[in-house]
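# Coordinate inspection notes
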Amino acid sequence: RGLRRPMQAVTPPAPAAELLVFTAARAQLVAEVVRPALDRGALVICDRFADSSRAYQGAGGGVAQSFIEQIDAGVVGDDQPDLTLVFDLPVEVGLERAFGRGLFETRFESKGLAFHQRLREGFLRIVETSPDRCVRIDAVGNVVGIYKAASHNAKTLMTGSHYDTVRNGGKYDGRLGIFVPMACVRELARAGQRLPFNLEVVAFAEEEGQRYKATFL
């Protein structure tokens, strides 16, 4: 934390300066915590790591990716993550959730929609280029299930509804559109039957704009 105090200066640091400060803190973390834990066979979980620099200072701040990779090779080296979970959601929703937590430091959150859109695209690029270790997770809250057809190249029928609570919408409003196709799939599975098409059931996290300012259909 002491290494990151320059980031709290009144004058915003340049993206390259951010990169160097964060990388210095990461180098200390790797030396003091990560490598000793790996050496004794422990499982290490981080909420942020080198991919954050690739996205924030690279995609967001414009620092050359080749420079970031050169520094990362010297700091992290062979101790790269085996699994990276990228929680993805629309920029507007992410910022709304962030500010809703009552953050005391909003230096990154206050950089505007364009910066955060580049940030999101940067993380999605990492997922695309590193599929062996990256998994994209829908952080909006949508839940999707699919009952496979008898044929692998069959078309897909999508059905479903929202599971968020709508004011005065009725006790089972929305949920029946989820439970009914789920019940159908259960009976099909019990009978060992497959349809000539894939059946995809989607439970939307938000449809009516009640919880968030955007809908997610």
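Residues numbered from 1 in each chain as written. Predicted model: local features only at pLDDT ≥ 70, side-chain atom pairs only at ≥ 80, totals over all residues. Heavy atoms only, no water.

### Here we look at the layout of surface pockets
The condition is simple: In the cavity and pocket records, a cavity denotes points on a 1 Å grid over the protein atoms alone where a 1.4 Å probe fits but cannot get out, a pocket denotes an open set with protein on both sides within 12 Å along at least 5 of 7 lines, and lining residues are residues with an atom within 4 Å of a point. Grid points are joined across faces, edges and corners, and a volume is the space filled by probe spheres set on the points. Helical segments are the DSSP runs of H or I of at least four residues, strand segments are the runs of E of at least two, and each set is numbered from the N terminus.
Size it by volume and the second largest pocket reaches roughly 200 Å³. Along its surface, the second largest pocket is lined by D51, R54, A59, Q65, E69, G122, R125, I126, T129, S130 and R133. Listed by contribution, the elements that provide at least two residues to the lining of the second largest pocket are α2 (50-60), α3 (65-75) and α5 (113-129). The biggest single contributor to the lining of the second largest pocket is α5, with 4 residues.

### Some thoughts on the side chain of R133
Note the cut-off: Contacts described as polar in this section are N or O atom pairs within 3.5 Å, which, within protein, must combine one atom able to donate a hydrogen with one able to accept it, while residues neighboring in sequence count only if both atoms come from side chains. Whether two residues are in contact is decided by their heavy atoms, any of which lying within 4.5 Å being enough.
Turning to its location among the elements, R133 is positioned in the loop between α5 and β2 (134-138). A polar side-chain atom of R133 sits 2.8 Å from a polar atom in the side chain of D51. Excluding residues that lie within four positions of it along the chain, R133 makes contacts with D51, R54, P81, D82, L83, T84 and I126.

### Thoughts on α5
As a reminder of what qualifies: Expected helix span is taken as 1.5 Å per residue step, with the number of steps being one fewer than the number of residues. Each residue is assigned to one of three classes by its accessible area relative to the maximum for its type, calculated with a 1.4 Å probe on protein chains only: buried under 20%, partly exposed between the two thresholds, exposed over 50%. Relevant arc is that of directions from the helix axis to the C-beta atoms, nothing else.
The end-to-end C-alpha distance of α5 is 24 Å, a good match for the 24 Å that 17 residues give at a rise of 1.5 Å each. Turning to α5, its buried residues number three or more, namely F115, H116, L119, G122, F123, I126 and V127. Buried residues along α5 cover an arc of 140 degrees about the axis, so they all sit on one side. The exposed residues of α5 that point more than 90 degrees off its buried face are A114, E128 and T129.

### A look at the packing of helix α1 (residues 15-39) against α3
What counts here: Simply put, an axis is a line fit to the C-alpha atoms, just over the touching stretch for a helix, and the angle between two N-to-C directions goes from 0 to 180 degrees. Orientation categories follow fixed angle ranges, with anything under 35 degrees roughly parallel, anything over 145 roughly antiparallel, 65 to 115 roughly perpendicular, and all other angles oblique. The sense of a crossing depends on the near helix, which, turned anticlockwise from the far helix by less than a right angle, makes the crossing left-handed and, turned clockwise, makes it right-handed. When residues are sorted by character, Ala, Val, Leu, Ile, Met, Phe, Trp, Tyr, Cys and Pro go into the nonpolar class, Asp, Glu, Lys and Arg into the charged class, and all the rest, Gly among them, into the polar class.
Where α1 meets α3, the closest approach of the two axes is 10 Å, and the angle between their N-to-C directions is 25 degrees. It follows from the interaxial angle that α1 and α3 lie roughly parallel. You can see that α1 and α3 cross each other, and the crossing is right-handed. In this structure, α1 contributes L19, L20, T23, R26, A27, V30 and R35 to the contact, and α3 contributes F67, I68, I71 and V75. The residue inventory of the contact of α1 with α3, partitioned by class, reads 8 nonpolar, 1 polar and 2 charged.

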